Amino acid sequence: MAASLGWTPVGLTLVLSPGVKFKPPGIQLQTAAGVPVSWPVGTAARLVITNNDVTPVFSTTWNATVTTNTMRWDESIANAAAVPDKSHVQLYLTYGTDAEILWQSGGVVRRS
């Protein structure tokens, strides 16, 4: 059996709908038992969305607003509409001065 070293990103699906801004419910950090805890001071998060299958190549970064209790995005209708279907999305986290980690990774699904 092979060993794995490092962090394996959790799966992520970014769902976008036409004519709607991207403003999902806030993400709350919880213990394994489901008890809410505060995000560490200095936490930063960003979604990196890319698509190399379109011309020109698409790439954008959406930074989150992180408060003590929640991580949130509030992207405009125009920003959400610009993202091609089946793009790749990655959610990166940084805790204070620690190195950035790839927390979640997956794809974009456009709903009609």
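Residues numbered from 1 in each chain as written. Predicted model: local features only at pLDDT ≥ 70, side-chain atom pairs only at ≥ 80, totals over all residues. Heavy atoms only, no water.

K.L.:
Is there a simple way to think about the overall build of the protein chain in this case?
P.N.:
Within the protein chain, the regular secondary structure consists of 1 helix and 7 strands. Listed by position from the N terminus, the elements making up the protein chain come as β-β-β-β-β-α-β-β. C-alpha atoms of the protein chain, sized along the principal axes, occupy 40 × 40 × 25 Å. A total of 112 residues make up the protein chain; the buried ones form 29% of that total. (Helix = DSSP H or I, 4+ residues; strand = E, 2+ residues; numbered from the N terminus. Buried < 20%, exposed > 50% of the residue type's maximum accessible area, 1.4 Å probe, protein only.)

K.L.:
Would you take a moment to explain the pattern of salt bridges for this structure?
P.N.:
If the charged atoms of two oppositely charged side chains come close together, the side chains can form a pair. Evaluated as defined, the whole model comprises 3 salt bridges. Where aspartate 74 meets lysine 21, a salt bridge forms, and the shortest distance between an N and an O atom there is 3.0 Å. Within this pair, whereas aspartate 74 is found in the loop between strand S5 (71-72) and helix H1 (77-81), its partner lysine 21 is found in the loop between strand S1 (10-16) and strand S2 (43-51), the two being separated by 53 residues in sequence. The partner of lysine 23 in a salt bridge is aspartate 74, with the nearest N and O atoms 3.9 Å apart. Within this pair, whereas lysine 23 is found in the loop between S1 and S2, its partner aspartate 74 is found in the loop between S5 and H1, the two being separated by 51 residues in sequence. In this structure lysine 23 comes out as exposed when scored by relative accessible area, which is 54%. Its relative accessible area of 44% is what places aspartate 74 among the partly exposed residues. Through salt bridges with shared partners, one network takes in Lys21, Lys23 and Asp74. (Salt bridge = Lys/Arg side-chain N within 4 Å of Asp/Glu carboxyl O.)

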